[in-house]
Amino acid sequence: MGAEGTKMDDDFLKMEKSVIVIHSLLVELLSKTTEFLQPNPAGRARLSMLNTMSRIRGQGKWVGYPQTEGMLGDCMVHYGQELGAASEFGGALSGVGEALQQVAQARDTLDVNVKRTFIDPLQDLHNTELKEIRYQLKKLNGRRLDFDYKRRRKGKVPAEEVRQAWDKFTTSKELAERSMFILLQNDVDQLSRLAALVTALLDFHRSAHRILMGLHGNLQARLTAASNKPERRFRSKKIRIRSEHNGSIGFYHQPSIAGEPFTVLPPRPGSPVSCYADSKLVLDQPCCRAMYSFHPNQEGELDFNEGDVIILTNQVDANWYEGTLADRSGLFPVNYVDVLVPLPLP
């Protein structure tokens, strides 16, 4: 009505602006975190219904949206079993599938931990403290307008009504200001929630790294064993057929060398571990395969040929290993070998 409205002090306006930013932040942060855990919309819907306390206390079992690692692992395990234990590839496929299933379980644990320690506390903050502050600010704005209206109509509105409007306005301002101050000063809780998110991510990646490192060592050992197997050459078998004229049984085949259908050949000269095929490989301890021959001139260095499998005993530095081949020990360059089973971490 032409008169200037009641203005809030600068500190109040700064706190109000910060509260508005926090409200927008929580709405988007909760949405983005859930989308990060479950990119699939159906997975996000299920995650929002997850009762974490029931699962943690063992009161209920939640079946989440299938993790992508788990779906790939299930596929590998299925076809690994179809190929059978006699197949090296089938056995390796089952091993990789089981490892991926373990990674999927670790991701399930990540979902539960992030929801319990990060999403739920922020959702609670949004639904309680922040909701109350927004209600108080809305109420304060209404009382300010009421006071300004009655103040402008001075002389037409009783002084007592103006005083009561002022008292209600100042009371609402104090309540809103105190609530905003408490929220904005509570950085410890907000930081602890961020730390909990990072901890959950670290736990997941540590678990996935441990699972995949074990799988990598197992696959390298399988590869070494498969490389040492003698090569077989195909020989066609005779086919037994019954004569259409007299019912007698005969054989039909292409000319071939008599003998078994498969002939065992010595390892190929260029195969990865051909010169070590007649030795017993030790695959349950750190070892490596020589990619090139190494014939040193210095005392204390280990002489070996391409394809030799060397037992690793120590890594001297970034450029040299120490190892054993047959009854000889010595140093050799890191870039001359391919590690099959790595040395344990210090």
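Residues numbered from 1 in each chain as written. Predicted model: local features only at pLDDT ≥ 70, side-chain atom pairs only at ≥ 80, totals over all residues. Heavy atoms only, no water.

- As its UniProt record puts it under Sequence similarities (unreviewed entry), the protein is described as follows: "Belongs to the endophilin family." (UniProt positions renumbered as here; feature names shortened; annotations may be inferred.)

Here we look at the environment of Q102
Move 1: Take Q102: it is sitting in helix α5 (residues 88-127).
Move 2: Note on Q102: relative accessible area 39%, which makes it partly exposed.
Move 3: Taking the C-alpha atoms as reference, Q102 lies 9.6 Å from L212; in sequence the two are 110 residues apart. (Helix = DSSP H or I, 4+ residues; strand = E, 2+ residues; numbered from the N terminus. Buried < 20%, exposed > 50% of the residue type's maximum accessible area, 1.4 Å probe, protein only.)

A few points about the packing of α5 against helix α6 (residues 129-152)
Move 1: Relative to each other, α5 and α6 sit at 20°, their axes nearing to 3 Å. Taken together, the axes of α5 and α6 are roughly parallel relative to one another. For the pair α5 and α6, the contacting residues are D124, L125, H126 and N127 in the first and E129, L130 and K131 in the second.
Move 2: Residue composition of the contact of α5 with α6, grouped by class: two nonpolar, two polar and three charged. (Axes fitted to C-alpha atoms, helices over the stretch in contact; angles between N-to-C directions. Parallel < 35°, antiparallel > 145°, perpendicular 65-115°, else oblique. Contact = heavy atoms within 4.5 Å. Nonpolar A, V, L, I, M, F, W, Y, C, P; charged D, E, K, R; others polar.)

Examining the packing of aromatic side chains
Move 1: Going through the model one piece at a time under the given rule, you end up with eight aromatic pairs.
Move 2: Ring centres of Y292 and Y336 lie 5.9 Å apart, and the angle between their planes is 80°; on these two criteria the pair is classed as edge-to-face. Here Y292 is found in the loop between β5 (287-290) and β6 (309-315), whereas its partner Y336 is found in the loop between β8 (328-333) and β9 (337-341), with 44 residues between them in sequence.
Move 3: Of the aromatic side chains, those joined through ring pairs into one cluster are Y292, F294, F304, Y321, F332 and Y336.
Move 4: Positioned above the aromatic ring of F204 is the side chain of R107, whose terminal nitrogen or guanidinium carbon lies 5.3 Å from the ring centre. (Phe/Tyr/Trp six-rings, centres within 6.5 Å; stacked < 30°, edge-to-face > 60°. Lys NZ or Arg CZ within 6 Å of the ring centre and 35° of its normal.)

Concerning the pattern of salt bridges
When their charged atoms lie close together, side chains carrying opposite charge are able to pair.
Move 1: Within the structure shown, the criterion is met by eleven salt bridges.
Move 2: Its salt-bridge partner being D148, residue R151 comes within 3.4 Å of it at the nearest N-O pair. Highlighted residues: R151 and D148, both in helix α6, separated by three residues, approximately one helical turn.
Move 3: Of the charged contacts, one joins D167 and R163 as a salt bridge, the two residues approaching to 2.9 Å between their closest N and O atoms. Of this pair, D167 and R163 both sit in helix α7 (residues 159-185), four residues apart, which is roughly one turn of the helix. (Salt bridge = Lys/Arg side-chain N within 4 Å of Asp/Glu carboxyl O.)

With respect to the side chain of Q136
Move 1: For Q136, the position within the fold is in helix α6.
Move 2: Contact partners of Q136, with chain neighbours within four places excluded, come to L175, A176 and S179.

Details of the sheet that holds β6
Whenever strands of a sheet pair, they do so through backbone hydrogen bonds, lying parallel or antiparallel.
Move 1: Read across the open sheet, the five strands follow the order β8-β7-β6-β5-β9; overall the sheet is antiparallel. One side of each edge strand has no neighbouring strand; the edge strands of this open sheet are β8 and β9. With direction set aside, neighbouring strand axes in the sheet form an average angle of 40°.
Move 2: Of the pairings in the sheet, the one linking β6 to strand β7 (residues 320-325) comprises four bridges and is antiparallel in character. Among the inter-strand pairings, L312 is bridged to a residue of β7, identified as G323.
Move 3: Against the sheet, helix α8 (residues 187-228) engages β5 and β9, with an angle of about 110° to β9. (Pairing = 2+ DSSP bridges.)

Concerning the environment of N314
Move 1: Following the sequence through the fold, N314 ends up in strand β6.
Move 2: Each C-alpha atom of the pair N314 and L331 lies 9.3 Å from the other, and the pair is 17 residues apart in sequence.
Move 3: Those residues in contact with N314 that sit more than four places away from it in its chain are Y321, E322 and L343.

Considering the pairing of β5
Move 1: A two-sided burial pattern is seen for β5, the buried positions comprising C287 and R289 on one face and C288 and A290 on the other.
Move 2: Relative to β6, β5 runs antiparallel, the two being bridged by three bridges. By the bridge assignment, R289 is partnered in β6 with V309.
Move 3: Where β5 lies against β9, four bridges are found, and the strand directions are antiparallel. Among the inter-strand pairings, C288 is bridged to a residue of β9, identified as V339.

Description of the confidence of the model for the protein
Close inspection of predicted coordinates is inappropriate for parts of the model with low pLDDT.
Move 1: Per-residue confidence for the protein gives a mean pLDDT of 78, with 75% of residues at or over 70.
Move 2: In the predicted structure, residues 51-60 sits below a pLDDT of 50 and forms eleven contacts with residues beyond four places in sequence or in another chain.
Move 3: Considering only residues more than four positions removed or in separate chains, one finds that residues 253-280, a stretch of pLDDT under 50, has 47 contacts. (pLDDT = per-residue confidence, 0-100.)

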